[in-house]
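Chains, contacts and geometry: an overview
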Amino acid sequence: MKIAITDSNSHISRQWAILLALTAGHFVVDCFPGTMHTLLPEVQKDFHFNLSSGASLLVYFLMAANGIQVVMGHLRADKTRPLFLYLGLACSLFLGGLILLPRTQSSFWPLVVMLFVCGLGVGMTHPEFLRSVHTLDKISSAVSTSVFMAGGVIGFAFGGWAATALVQRWGFSMLWCFCATSIITGLVLLFLRVRLSQESLEPDAVPISSAQAVPFWPLYITTVVAGSASSVLIWAIPQAIDKAGFELTFGGFSVMLFSLAGGFGGMLISRYAACHGELKLCTWMLAAGVPFGLLYPGLITHRGSVALIAIAGLLCYGAYPLMVSMARQSRGGNLGGRMGLIVGGTWLIAGFMPRLLAPVAQKTSLNFVLFLAPLGYLIAAGMCWYLRANMKRTNNQ
């Protein structure tokens, strides 16, 4: 009996060690999109791009990072070795090529190519990261998913802040620091011999934890709406802060707080959500954060307003890990395909929002766009409420 208990504890400890390693890897790869968002004002100034050109660069990067997940997420469903994970880490190194380009508008398309390849690298790691998390059967889905997703959120936040601090002081050459972390991450995961969950290609064979599983496609649409609101905020906040006359690092700091708060919000609520219903918690978190988001644009010229956007992030952005956890347990397609869509597909569509709203911001103001964004969370909250009510009616029949 003692041997069995010891073996069980050892197995759980190893799973936690793997989860923490995967979370650290997620932290590293998501530093890259965080860097792209907050350095955009400086890139625009350095290369003499206008607001729309800068937004286009971001769209190309996000289109690659998220589109590749939709295309590749369902592939290699019967494989256990994380080939795309290591390949993606290698492709992320292309971000370092930015320091080699001449600082003229003619560098736009070479920069697009470099960022597109870097985005492909960042994106292709995510489905296999999540499939690796799915092998950790001794840790509840809500907890393991929230911890893993928090790593990415914190990486996005840290990357955004650290990049502005490093580049403002030492220039774009410091981007090689982020590239070095990709190499270290690959070596660590290789040493741990991380493996992927193996699954059937037949949709009906995907295990479902309970009859209360949320239907995937309505959940996906809801996640896209909420993700679009987050995408617009993360793009517009550093731009609006730059226009308000604050230093570059304050824009990075503000996005960092928004993202960090979201990561911690997902982790803090994960155990409670596992017991009381993830969909229910998503509804209330999204709705509760809207007032703080609506107040923020009117007070953005005051440094203290950063607290408002942090609270909005804690509640609204913090609901996203719960949505990913629900997608892991939902019906429709295989696990890799669902993960590619809920992570990559969500941000692929959401990534177009800054480009679509850039002309609106130029004609009106960035503050107006910032005011519109939280309404997306309100719509998503309404969709969660409707989905929950519809599931109750179905189960009662």
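Scroll up to find the structure this text is about.
Predicted, not measured: the structure shown is a model, and the values here were computed from it. (Residues numbered from 1 in each chain as written. Predicted model: local features only at pLDDT ≥ 70, side-chain atom pairs only at ≥ 80, totals over all residues. Heavy atoms only, no water.)

A look at the overall build of the protein chain
Here is the rule: A run of H or I in DSSP becomes a helix once it reaches four residues, and a run of E becomes a strand once it reaches two; helices and strands are each numbered from the N terminus. Atoms counted for the radius of gyration: C-alpha only. Globule rule: 2.2 Å times residue count to the power 0.38. Burial status follows relative accessibility: with a 1.4 Å probe on protein chains alone, a residue under 20% of its type maximum counts as buried, one over 50% as exposed, and anything between as partly exposed.
Counting secondary structure elements, the protein chain contains 14 helices and zero strands. Counted from the first residue to the last, the protein chain has its helices and strands arranged as α-α-α-α-α-α-α-α-α-α-α-α-α-α. The C-alpha radius of gyration computed for the protein chain amounts to 20 Å, which stays within 12% of the reference 21 Å derived for 397 residues, consistent with globular compactness. A principal-axis box enclosing the C-alpha atoms of the protein chain has dimensions of 65 × 45 × 35 Å. Going through the 397 residues of the protein chain one by one, you find that 57% of them count as buried.

Description of the pattern of salt bridges
Formally: Salt bridge criterion: a side-chain nitrogen from Lys or Arg within 4 Å of a carboxyl oxygen from Asp or Glu.
For the structure on display, the rule yields two salt bridges. Residue Lys 45 is joined to Asp 242 by a salt bridge in which the shortest nitrogen-to-oxygen separation is 3.3 Å. Pair noted here: Lys 45 is in helix 1 (residues 2-47) and Asp 242 is in helix 7 (residues 216-243), with a separation of 197 residues, a long-range link. For Arg 103, the salt bridge goes to Asp 46, with nearest N and O atoms at 2.6 Å. With Arg 103 in the loop between helix 3 (83-91) and helix 4 (108-133) and Asp 46 in helix 1, this residue pair connects regions lying 57 residues apart in the sequence. Exposure remark for Arg 103: the relative accessible area of 26% places this residue in the partly exposed category.

Things to note about unusual backbone geometry
Positioned with a positive phi, His 48 is a non-glycine residue whose angle comes to about 60°. With respect to the helices, strands and loops of the structure, His 48 is situated in the loop between helix 1 and helix 2 (51-72). Despite not being glycine, Arg 193 has its phi angle at roughly 55°, a positive value. Since its relative accessible area comes to 61%, Arg 193 is described here as exposed.

Notes on the environment of Pro 127
Turning to its location among the elements, Pro 127 is positioned in helix 4. We classify Pro 127 as buried; its relative accessible area is 5%. Put simply, Pro 127 and Lys 363 are 236 residues apart on the chain and 39 Å apart in space, counted from C-alpha to C-alpha.

Remarks on the packing of helix 2 against helix 13 (residues 353-363)
What counts here: Lines are fitted to the C-alpha atoms to define the axes, a helix being fitted only along its stretch in contact, and any angle between axes, read from their N-to-C directions, falls within 0 to 180 degrees. Orientation labels follow simple angle bins: below 35 degrees gives roughly parallel, above 145 gives roughly antiparallel, 65 to 115 gives roughly perpendicular, and whatever is left gives oblique. Two helices crossing with the near one rotated counterclockwise from the far one by less than a right angle form a left-handed crossing, whereas a clockwise rotation gives a right-handed crossing. Contacts are assigned to residue pairs that have any heavy atoms within 4.5 Å of one another.
In contact at an axis separation of 9 Å, helix 2 and helix 13 are set at 165° when each is read in the N-to-C sense. Considered as vectors, helix 2 and helix 13 are oriented roughly antiparallel to each other. In this structure, the crossing between helix 2 and helix 13 has a hand that is right-handed. Residues Leu 51, Ser 52, Ala 55, Ser 56 and Val 59 of helix 2 lie in contact with helix 13, whose contacting residues are Pro 354, Arg 355, Ala 358 and Gln 362.

Considering empty space enclosed by the protein
Convention followed: Within this scheme a cavity is a closed region of a 1 Å grid, computed over the protein atoms alone, that accommodates a 1.4 Å probe without allowing it to escape, whereas a pocket is open but has protein on both sides within 12 Å along at least five of seven lines; lining residues each have an atom within 4 Å of a point. Grid points are joined across faces, edges and corners, and a volume is the space filled by probe spheres set on the points. Residues are grouped as follows: Ala, Val, Leu, Ile, Met, Phe, Trp, Tyr, Cys and Pro are nonpolar; Asp, Glu, Lys and Arg are charged; every other residue, Gly included, is polar.
Evaluation of the coordinates by the stated rule reveals five cavities of 30 Å³ or more. Its boundaries defined by the atoms lining it, the largest cavity holds a volume of some 360 Å³. Lining the largest cavity we find 23 residues, and of these Asp 30, Pro 33, Asn 66, Phe 156 and Trp 347 sit closest to its centre. Listed by contribution, the elements that provide at least two residues to the lining of the largest cavity are helix 1, helix 2, helix 4, helix 5 (141-170), helix 7 and helix 12 (335-351). With five residues, helix 2 is the single largest residue contributor to the lining of the largest cavity. Looking at the lining of the largest cavity residue by residue, the class counts come to 14 nonpolar, eight polar and one charged.

Focus: helix 4
Our working definition: A helix is expected to span 1.5 Å for every residue after the first.
With 26 residues, helix 4 should reach 38 Å at 1.5 Å per residue; the first-to-last C-alpha distance of 38 Å fits that figure. Burial analysis of helix 4 places 21 of its 26 residues in the buried class, the great majority of the element.

Examining the packing of aromatic side chains
The line we're drawing: Any Phe, Tyr or Trp ring, taking Trp's six-membered ring, that has another such ring centre within 6.5 Å forms a pair; planes under 30 degrees apart are called stacked, those over 60 apart edge-to-face, and the others tilted. We call a charge positioned over a ring when the NZ of a Lys or the CZ of an Arg lies within 6 Å of the ring centre and within 35 degrees of the ring normal.
Counting across every chain of the model gives 14 aromatic pairs. Their ring planes at 90° and their centres at 5.6 Å tell us that Phe 49 and Phe 108 sit as a pair that is edge-to-face. With Phe 49 in the loop between helix 1 and helix 2 and Phe 108 in helix 4, this residue pair connects regions lying 59 residues apart in the sequence. Neither Phe 49 nor Phe 108 differs from the other in exposure class; each is buried. Ring geometry for Phe 216 against Tyr 220: centres 5.9 Å apart, planes inclined by 15°, an arrangement best described as stacked. Of this pair, Phe 216 and Tyr 220 both sit in helix 7, four residues apart, which is roughly one turn of that helix. Exposure class is identical for Phe 216 and Tyr 220. Each is buried. Positioned above the aromatic ring of Phe 250, the side-chain terminus of Arg 303 is 4.7 Å from the ring centre.

Topic: helix 14 (residues 366-396)
Since the α-helix turns once every 3.6 residues, residues separated by three or four places project in the same direction. A rise of 1.5 Å per residue sets the reference length of helix 14, with its 31 residues, at 45 Å; its end C-alpha atoms lie 47 Å apart and thus fit the reference within 8%. Turning to helix 14, its buried residues number three or more, namely Leu 366, Val 369, Leu 370, Ala 373, Pro 374, Gly 376, Tyr 377, Ala 380, Ala 381, Cys 384, Leu 387 and Met 391. Close packing links the buried residues of helix 14 with helix 7, helix 8 (248-276), helix 9 (278-295) and helix 13.

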